[in-house]
Amino acid sequence: DIQLFSSYYNLASSYLSFGDIDNSLYVINKAYDLAYSFKDMKEDQAKASLFLVEIDRYKGNIGKAISDCENLKEQILQLGDSSNVKSDYYRILSELYADIGSFDGILEESLRECEVNLETYGEKSPNYAISLLNLSEAYAVCGKREDALECKIMALGLLKDIYGRK
């Protein structure tokens, strides 16, 4: 069942990346139904719910997407510290706040994404480096160019260390 969920999720992601919202929504609803039919698929339930939030964002329903995302907070926090869904939650919420120009929200959620990835994966992980790049963008959007540059340099240094490229 977990493999089927992953297949649905990946297919829905592919549809969405090509701008096919209708097929993406159809497939993610299948994944959502599957995840909610089993009590032990809590992380997949949260992933499917967050994906529905992203679809609302793509459709331009930003207010609904923010509300639905904020309503998922308790469910996602209950997953524990090792869940990568928590990082996705903060990233998505930051992007939604960016859509409405809430600079405080953008920075707050981007910082949380970094903290979660640092705690979950450690400093020498691509996940943490990518969250630093996201934080850099958040700082840039908020007009904090020095902080943005500092995060970007830090992230690129980490990626260089991880992948060994010059």
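Check the entry above for the structure.
The present account deals with the structure reproduced in this document. Position numbers for residues count from 1 along each chain, tracking the sequence in the order it is written. The predicted nature of this model means local features are confined to residues of pLDDT at least 70 and side-chain atom pairs, given and counted, to a pLDDT of 80 or more, with totals for whole chains, interfaces and linings taken over all residues. Here the side-chain values reflect all heavy atoms present in the structure, with hydrogen atoms and water set aside.

Along the protein chain, the regular secondary structure elements total nine helices and zero strands. Element order for the protein chain, N to C, with α for helix and β for strand: α-α-α-α-α-α-α-α-α. Taken over C-alpha atoms, the radius of gyration is set against a globule rule of 2.2 Å times the number of residues to the power 0.38. Whereas a compact globule of 166 residues would reach a radius of gyration of roughly 15 Å, the protein chain reaches 17 Å, a difference of no more than 12%. Dimensions along the principal axes, computed over C-alpha positions, put the protein chain at roughly 45 × 35 × 30 Å. Partly exposed describes any residue whose relative accessible area lies between the buried limit of under 20% and the exposed limit of over 50%, with all areas from a 1.4 Å probe on protein chains only and scaled to the type maximum. For the protein chain, buried positions account for 38% of its 166 residues. In what follows, residue pairs with any heavy atoms lying within 4.5 Å of each other are defined as contacts. Residue pairs in contact within the protein chain that sit at least 24 positions apart in sequence constitute 54% of those at least 6 positions apart. Only the protein chains shown count as cover for residues, with accessible areas throughout obtained via the Shrake-Rupley method and a probe of 1.4 Å. Put simply, the protein chain shows about 9,400 Å² of open surface, and 49% of that area lies on carbon and sulfur atoms. When charges are tallied, Lys and Arg are placed among the positive residues and Asp and Glu among the negative ones, while His and the ends of the chain are skipped. A single reference atom marks each charge: NZ on Lys, CZ on Arg, CG on Asp, CD on Glu. Of the charged side chains in the protein chain, 18 are positive and 28 negative; the average position of the first set lies 4 Å away from that of the second. Counting from the N terminus, the helices are the DSSP runs of H or I reaching at least four residues and the strands are the DSSP runs of E reaching at least two.

The next subject is the environment of Gln3. In this fold, Gln3 is placed in helix α1 (residues 2-17). For Gln3, a relative accessible area of 68% gives the class exposed. The spacing of Gln3 and Glu95 is 92 residues in sequence and 29 Å in space, taken between C-alpha atoms.

Right, let's get into the pattern of salt bridges. By salt bridge we mean one thing: a side-chain nitrogen of Lys or Arg within 4 Å of a carboxyl oxygen of Asp or Glu. Under the defined criterion, the tally for this structure stands at ten salt bridges. One salt bridge connects Asp56 with Lys64, and the closest N-O pair in it is separated by 3.3 Å. Among the residues examined, Asp56 registers a relative accessible area of 11% and is labelled buried. In this structure, the salt-bridge partner of Arg91 is Glu95, at a minimum N-O distance of 3.3 Å. Residue Arg91 and its partner Glu95 are located together in helix α6 (residues 84-100), separated by four residues, close to a single helical turn.

This part takes up the side chain of Ser49. With respect to the element layout, Ser49 can be found in helix α3 (residues 42-59). Look past the residues within four positions of Ser49 in its chain and what remains in contact with it is Tyr32, Tyr36 and Leu72.

Turning our attention to helix α9 (residues 145-163). Residues three or four positions apart in an α-helix share a direction because the helix packs 3.6 residues into each turn. Take the number of residues in a helix, subtract one, and multiply by 1.5 Å to get its expected span. Over its 19 residues, α9 runs 27 Å from end to end, which matches the ideal 27 Å to within 8%, given 1.5 Å per residue. Of the residues making up α9, those classed as buried are Ala148, Cys151, Ala155, Leu158 and Leu159. All buried residues of α9 lie within an arc of 100° about the axis, which places them on one face of the element. Among the exposed residues of α9, those oriented more than 90 degrees off its buried face are Arg145, Glu146, Leu149, Glu150, Ile153 and Asp161. Once α9 ends, the next one or two residues include Gly164, with phi positive near 70°. In this description, the arc belongs to the directions extending from the helix axis to the C-beta atoms.

Here Ser131 is to be found in helix α8 (residues 126-141). Throughout this description, a polar contact denotes any pair of N or O atoms lying within 3.5 Å of each other; where both atoms belong to protein, one of them has to be capable of donating a hydrogen while the other can accept it, and for residues adjacent in sequence the pair is counted only when both atoms sit in side chains. In this structure the side chain of Ser131 is engaged in a polar contact, spanning 2.7 Å, whose partner is the backbone oxygen of Tyr128.

Only buried residues count toward a nonpolar core. Its members are Ala, Val, Leu, Ile, Met, Phe, Trp, Tyr and Cys residues joined through side-chain atoms within 4.5 Å. Grouped together as the largest cluster of nonpolar side chains are 31 residues, with contacts concentrated most on Leu50, Val53, Cys69, Ile76, Tyr89, Leu96 and Leu132. For this core, the elements supplying multiple residues, two or more each, are α3, α4 (62-71), α6, α7 (103-121), α8 and α9. When residues of this core are assigned to their parent elements, the largest contribution, seven residues, is made by α6. Ignoring anything within four residues of it in the chain, the contact list for Leu96 reads Val53, Arg57, Ile62, Ala65, Ile66 and Cys69. Residues Ile28, Leu34, Ala48 and Leu52 belong to the second largest nonpolar core, which totals 14 residues.

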